[in-house]
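Architecture and fold: a report
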Amino acid sequence: QLQLVESGGGLVQPGGSLRLSCAASGLTLSAYTIGWFRQAPGKEREGVSCISGSNGVTYYADAVKGRFTISRDNAKNTVYLQMNSLKAEDTAVYYCARDRQLFRRCPLPWGDFGSWGQGTQVTVSS
């Protein structure tokens with residue numbers, strides 16, 4: 001029943017910023033822990049960030065720590081990923097997904113997430 005739709009990607013210069021959105025429909029998103037993932041050409045999909053559905057605790061992969069910020073707006077049923085100081089290696093398709101159980105806390109095994117969205121392309125280049 002829960003469907004996720006990513007948006008906000010685009011082309012940005014190194015050092016620039018983007019804000020990605022993960023909009024949910026069908027269920028109340030606040031009850032779920034949500035993860036952001038990315039996949040670059042020729043590479044495996046990797047976990048980027050996580051925000052807990054229970055208490056708002058967040059987690060970041062080392063590659064993005066200090067540059068990315070995950071947040072949620074329960075009134076809009078949306079989770080955001082604010083990306084600052086972007087680097088060329090951040091270029092990828094970005095996806096969001098939900099934990100298969102309710103109200104769990106980050107960090108969680110990335111394999112516990114499902115119900116993937118369609119993804120949004122982020123390209124960092126001069």
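Quick summary incoming for the structure in this document.

The rules behind the values
- Residues numbered from 1 in each chain as written.
- Predicted model: local features only at pLDDT ≥ 70, side-chain atom pairs only at ≥ 80, totals over all residues.
- Heavy atoms only, no water.
- Phe/Tyr/Trp six-rings, centres within 6.5 Å; stacked < 30°, edge-to-face > 60°.
- Helix = DSSP H or I, 4+ residues; strand = E, 2+ residues; numbered from the N terminus.
- Buried < 20%, exposed > 50% of the residue type's maximum accessible area, 1.4 Å probe, protein only.
- Pairing = 2+ DSSP bridges.
- Axes fitted to C-alpha atoms, helices over the stretch in contact; angles between N-to-C directions.
- Disulfide = S-S within 2.5 Å.

Evaluation of the coordinates by the stated rule reveals six aromatic pairs. Note on phenylalanine 37 and phenylalanine 113: the rings are 5.6 Å apart at their centroids and 70° apart in plane angle, and the pair reads as edge-to-face. Residue phenylalanine 37 is found in strand 4 (residues 32–39), and its partner phenylalanine 113 is found in strand 10 (residues 113–114); the two are separated by 76 residues along the sequence. Assessed through its relative accessible area of 2%, phenylalanine 113 is described here as buried. Taken together, a centroid distance of 5.9 Å and an interplanar angle of 35° make the contact between tryptophan 110 and phenylalanine 113 tilted. Members of the aromatic cluster, joined through ring pairs, are Phe37, Tyr59, Tyr95, Trp110, Phe113 and Trp116.

This next bit is on the sheet that holds strand 7 (residues 68–73). Strands in a sheet are paired, the pairing made by backbone hydrogen bonds, and the direction either parallel or antiparallel. Taken together, the four strands give an open sheet; going across it, the order is 1-3-8-7, and neighbouring strands pair in antiparallel fashion. Two strands close off the open sheet at either side, each with one partner strand: strand 1 (3–7) and strand 7. Each strand of the sheet is rotated relative to its neighbour by a mean of 15°, with strand direction disregarded. The sheet contact formed by strand 7 and strand 8 (residues 78–83) spans six bridges and is antiparallel. Its bridge partner lying in strand 8, arginine 72 is registered against valine 79.

A few words on the state of the cysteines. Put plainly, two cysteines are in a disulfide when a covalent bond ties their sulfur atoms together. Overall, the coordinates contain two disulfides when judged by the stated rule. With its sulfur 2.1 Å from that of its partner, cysteine 22 forms a disulfide with cysteine 96. Taking the sign of the torsion about the S-S bond as the criterion, the disulfide between cysteine 22 and cysteine 96, at about 80°, is right-handed. Of this pair, cysteine 22 sits in strand 3 (residues 18–25) while cysteine 96 sits in strand 9 (residues 92–102), and the two are 74 residues apart along the sequence. Note on cysteine connectivity: cysteine 50 is disulfide-linked to cysteine 106, with sulfurs 1.8 Å apart. Note on the cysteine 50 and cysteine 106 pair: the S-S dihedral is about -70°, so by sign convention the disulfide is left-handed. With a gap of 56 residues between them, cysteine 50 in strand 5 (residues 46–51) and cysteine 106 in the loop between strand 9 and strand 10 connect regions that are remote in the sequence. You'll find cysteine 50 and cysteine 106 in the same group, each marked buried. The connectivity of the disulfide-linked cysteines in the protein, indexed sequentially, is 1-3, 2-4.

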